[in-house]
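# Observations on chain architecture
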Number of protein chains: 2
Amino acid sequence: MAKNVIVGQSGGATSVINSTLAGVYQTAKRRGAGIVYGMRNGVQGLLERRVVNIDSQISSELDIELLKRTPSSFLGSCRYKLPEWQKDKALYEKLFAILDELEIGYFFYIGGNDSMDTINKLTEYGRRVGSEIRFIGVPKTIDNDLMVTDHTPGYGSAAKYIGVVMKELIRDASVYGTKYVTVVEIMGRNAGWLTAAAALARGEDCEGVDMICLPEIPFNVERFIEKVRAMQEKKASIVIAVSEGVKLEDGRYVCELSDDVHAVDAFGHKSLTGTARYLANRVAREMDTKTRCVELSTLQRCAGHMTSRTDVTEAFQVGGAAVKAAFEGHTGMMVALKRISNDPYQCTTELHPVEEVANLEKMIPMEWINEDHTDMTEEFLAYARPLIQAELPAFFVNGLPNHICLK
Amino acid sequence: MAKNVIVGQSGGATSVINSTLAGVYQTAKRRGAGIVYGMRNGVQGLLERRVVNIDSQISSELDIELLKRTPSSFLGSCRYKLPEWQKDKALYEKLFAILDELEIGYFFYIGGNDSMDTINKLTEYGRRVGSEIRFIGVPKTIDNDLMVTDHTPGYGSAAKYIGVVMKELIRDASVYGTKYVTVVEIMGRNAGWLTAAAALARGEDCEGVDMICLPEIPFNVERFIEKVRAMQEKKASIVIAVSEGVKLEDGRYVCELSDDVHAVDAFGHKSLTGTARYLANRVAREMDTKTRCVELSTLQRCAGHMTSRTDVTEAFQVGGAAVKAAFEGHTGMMVALKRISNDPYQCTTELHPVEEVANLEKMIPMEWINEDHTDMTEEFLAYARPLIQAELPAFFVNGLPNHICLK
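Residues numbered from 1 in each chain as written. Chains lettered and ligands numbered in written order. Predicted model: local features only at pLDDT ≥ 70, side-chain atom pairs only at ≥ 80, totals over all residues. Heavy atoms only, no water.

## Overview of the overall build of chain A
Along the backbone of chain A there are 12 helices and 13 strands. Relative to the 2.2 N^0.38 estimate, which gives 22 Å for 407 residues, the radius of gyration of chain A is 22 Å and therefore close to what a compact globule would have. The C-alpha extent of chain A, read off along each of the three principal axes, is 75 × 45 × 40 Å. For chain A, with 407 residues in total, the buried portion stands at 63%. When the accessible surface of chain A is summed, it comes to about 14,600 Å², and 48% of that surface belongs to carbon and sulfur atoms. (Helix = DSSP H or I, 4+ residues; strand = E, 2+ residues; numbered from the N terminus. Rg over C-alpha atoms; globule rule 2.2 N^0.38 Å. Buried < 20%, exposed > 50% of the residue type's maximum accessible area, 1.4 Å probe, protein only. Areas by Shrake-Rupley, 256 points an atom, 1.4 Å probe, with all protein chains shown as cover.)

Right under this line is the structure:
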């Protein structure tokens, strides 16, 4: 009898995370899997035996297409860090007992570097106890900060969203022709990939953003204000893209200078917010200009109404490639995207051991940042531009995008 | 010889304000106008004789279509209040001299209640000096707060954008299944039409927002927190739509309780910001829950990537109707939308004297707000739903919406 499959989604959602789920589900069924289970809220839900039979959720090919177009984890997500097995063996025994009871042969986890840590630990423990379950990681993060993969599914759509709204914000800010400084806060704790995507706005019909501040570059508030002052002597409306994760030379986050509450999550990550507001307020106090801060907030990861078709397609493909790999006997691996060429853009998948990915972060290469540390180079644009190509419209019902929900 | 036409755009931009400009331009040309001038930055630019010949900007029917799909005032905008002619006659003499020099016969001003005040004053002065220029106001505002018109061009797209992103934010906030209060700040100083649009999110595939706080209803912070607490006892993720303009019973804006800088504009309007952040911080301090504030910010008025086709079409139609009215000899009038029926939705245009609109604001009828003052009734939904129907995709170039710019 065919073994069953289980799949989970973890970490922050993306606009295309469910396209990967669709890829896992459809490929598993076509390749003869038994039941395809979904973990409710990732491994955390699995430990409470909260699973759904995805067959009971997806009843047509239209549902598959709708799933591809539905943002934010269909199965729910978690921010749960598995302990080392040496520290809590009982937890691993419980988890593997649940998997055995469900007759799981293949385990897929869609997530970022924290999730690859989960796959790594489960693979290691599985090997020790002689489990035959195949564990495969499937990349997903808007942050684009995973090692070994050319880029991550989710990044292309977030980058497209950022490019689109930057163009619109730049237009909006310039209509009065008056002095105006707009500071736009974009996600990205340590890696500036999302903030860099603001560079995509520039084109024949848009001057583009005037400054990009990445977390890779130490930030100096006084120097920042001097640069803004100099720019505004030449141009009334200045639009700046700043990463929520920009840090001072002493290592403190700029947002820590603001008075917001900064909670800490299960992975020890400090909540970052208030960077743009702090900077816009500083500019307002020190310069004779109107200012505004705009936080793209969670919309940059859940704007299913503006996805990159390239991204949706690749997200589906990594799901399918993960199933193929597991069914062929691989385990402890993550599916990676491998770029064949930029122009024409071609990309395929390959496998890498998850320990090459787990808990590591890929930063923007310094040579993709201009000398002045305020803009991206052509190399970055050549890298990012193919990832935002083409659109996949939502299914609109009653004027709004329709989504599929767990029954 | 045919008289020339001049058209200006004023006040905050919308996603469809240029569709109205396209309607004015195309209809004027088809009806035999001479030169069609555009004011750079509205009346303020006109006073400095900054005008463009729109014929030199639009060279094809494709340009017209691109203009319809380009958000934020193509001609630039202003927030300029004309003084009473009794107080600055020289200014009116200068302005009419410029109009005469340009051989203007027809003057169109696309804007909200402040702009209708401008049309009113120009008409009055024109009558006194025996000018033959026809002055027509064309409605535009995301705020939907103009009298006599069923709704305003710009509102439908903003309402659709708000409905779309509320659905996405609600999904995103629920993926962890943990306690979470999201407060979303939506524009609207005195009238809650935009915030009310958050009610559109509810449907078969979305539970909808949990509370709507309108500026029409006096706000009490303690009662607000009690309501949130009660809701969260039944449901982990609570999403609240709050107007930037909510006021305490003593008349102060809630955002004045925050520490943000609140500048005042030319019309004496205080800049409102920080309402959602203040409330999210209060909830975080008083309840055991994670919170987040999301400010939709200027995107709600400039998100040309998510417009309502109904709105784009009607915005074009009011432009055309304005030209027809002026060419038929009307002056001192505003084009209004008149709804014929909800289902099937049918709408036509009519004319109203601008003094019925200038400086007035239309609030939401109290019977469209539920008894608890936390949600909208079916009557509101029946009113708003037709306005967000159908889509008009942008023209995408290189993965991003293409816009037309002044040469």
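## Details of the packing of aromatic side chains
For any pair of aromatic rings, the description rests on two quantities: the centre-to-centre distance and the angle between the ring planes. Enumeration according to the criterion identifies 28 aromatic pairs over all chains in this entry. Look at A:Phe96 and A:Tyr125: their rings are 5.1 Å apart centre to centre, the planes differ by 50°, and that puts the pair in the tilted class. With A:Phe96 in helix α4 (residues 89–101) and A:Tyr125 in helix α5 (residues 113–128), this pair connects stretches of sequence that are 29 residues apart. The two residues A:Phe96 and A:Tyr125 agree in class, both being buried. Taking 5.5 Å as the distance between ring centres and 45° as the angle between the ring planes, the aromatic pair formed by B:Trp193 and B:Tyr383 counts as tilted. Of this pair, B:Trp193 sits in helix α7 (residues 193–196) while B:Tyr383 sits in helix α12 (residues 378–384), and the two are 190 residues apart along the sequence. Summarising the burial analysis for this pair, B:Trp193 and B:Tyr383 share the class buried. (Phe/Tyr/Trp six-rings, centres within 6.5 Å; stacked < 30°, edge-to-face > 60°.)

## Remarks on the pattern of salt bridges
Summed over the entire model, instances satisfying the criterion amount to 42 salt bridges over all chains. Here B:Arg301 and A:Asp172 are joined by a salt bridge, their closest N and O atoms 2.8 Å apart. Taken together, the residues B:Arg301 in helix α10 (residues 299–302) and A:Asp172 in helix α6 (residues 155–174) connect one chain to another. The buried category is assigned to B:Arg301, whose relative accessible area is 9%. For B:Glu93, the salt bridge goes to B:Lys89, with nearest N and O atoms at 3.6 Å. Linking B:Glu93 with B:Lys89, this pair stays in helix α4 (residues 89–101), spanning four residues, or about one helical turn. By relative accessible area, B:Glu93 is classed as partly exposed at 42%. Judged by relative accessible area, B:Lys89 falls into the partly exposed class, the value being 43%. (Salt bridge = Lys/Arg side-chain N within 4 Å of Asp/Glu carboxyl O.)

## Some remarks on the relation of the copies chain A and chain B
Note on the chain copies: they are related by a rotation about an axis and a translation along it. After a rotation of 180° and a shift along the axis of 0.0 Å, chain A superposes on chain B with an RMSD of 0.0 Å. Such values leave the two copies arranged in the relation of a two-fold axis. Residue A:Glu295 of chain A places its C-alpha closer to the rotation axis than any other residue of that unit, at 3.6 Å. Mapped onto chain B, 98% of the interface residues of chain A are again interface residues, and the two copies thus contact each other with one and the same surface. (Least-squares fit on C-alpha atoms with pLDDT ≥ 70 in both. Contact = heavy atoms within 4.5 Å.)

## Examining the side chain of B:Gln26
Residues and elements named next belong to chain B. Relative to the elements of secondary structure, Gln26 occurs in helix α1 (residues 17–30). With relative accessibility at 16%, the residue Gln26 sits in the buried group. Residues within four places of Gln26 in sequence aside, it is in contact with Ile64 and Phe316.

## Notes on the sheet that holds strand β2 (residues 36–39) of chain A
Residue and element names in this part refer to chain A. Strand order in the open sheet formed by seven strands is β3-β2-β1-β4-β5-β10-β11, and the pairing between neighbours is mixed. Looking at the sheet topology across the chains shown, the edges are occupied by β3 (51–53) and β11 (345–353). Neighbour-to-neighbour, the strand axes of the sheet open up by a mean angle of 25°, direction not taken into account. Where strand β4 (residues 104–111) and strand β5 (residues 134–139) come together, six bridges link them in parallel fashion. Paired with Phe107 across the bridge in β5 is Phe135. Along the sheet, α5 contacts β4, β5 and β10 (333–342); its crossing angle with β4, the most-contacted strand, is approximately 155°. (Pairing = 2+ DSSP bridges. Axes fitted to C-alpha atoms, helices over the stretch in contact; angles between N-to-C directions.)

## Brief notes about helix α11 (residues 309–327) of chain B
Residue and element names in this part refer to chain B. The terminal C-alpha atoms of α11 lie 27 Å apart, and with 19 residues this matches the ideal 27 Å at 1.5 Å per residue to within 8%. Where α11 begins, the side chain of Ser308 points an oxygen toward the backbone nitrogen of Thr310, at a separation of 3.3 Å. Gly329 sits one or two positions beyond α11 and adopts a positive phi of about 105°. (Expected span 1.5 Å × (residues − 1). Polar contact = N/O pair within 3.5 Å; in protein donor to acceptor, adjacent residues only side chain to side chain.)

## So, unusual backbone geometry
Residue and element names in this part refer to chain A. Pro344 follows Asp343 through a cis peptide bond whose omega is 5°. Mapped onto the elements of the fold, Pro344 is located in the loop between β10 and β11. Residue Arg49 is not a glycine yet carries a positive backbone phi of 60°. You will see that Asn359, though not glycine, has its phi angle at about 65°, which is positive.

## A word on the sheet that holds strand β7 (residues 211–213) of chain B
Across a sheet, paired strands are connected by hydrogen bonds in the backbone, their directions being either parallel or antiparallel. All names here are of chain B. Here we have four strands laid out as an open sheet, ordered β7-β8-β6-β9, and parallel in their pairing. Among the strands making up the open sheet, the edge pair consists of β7 and β9 (290–295). Across the sheet, the mean angle separating the axes of adjacent strands is 15° when strand polarity is ignored. Relative to β9, strand β6 (residues 180–186) runs parallel, the two being bridged by six bridges. Pairing of Val183 across the sheet is with Cys293, part of β9. Set on the sheet, helix α8 (residues 221–232) makes contact with β6, β7 and β8 (237–243); between it and β7 the angle comes to about 165°.

## Observations concerning the pairing of strand β1 (residues 4–9) of chain B
All names here are of chain B. Summarising burial for β1: six of the six residues are buried, a large majority. The side-chain alternation of β1 yields two buried faces, one formed by Asn4, Ile6 and Gly8 and the other by Val5, Val7 and Gln9. Where β1 lies against strand β4 (residues 104–111), six bridges are found, and the strand directions are parallel. Residue Val7 lies in a different strand from β4, and its bridge partner there is Phe108.

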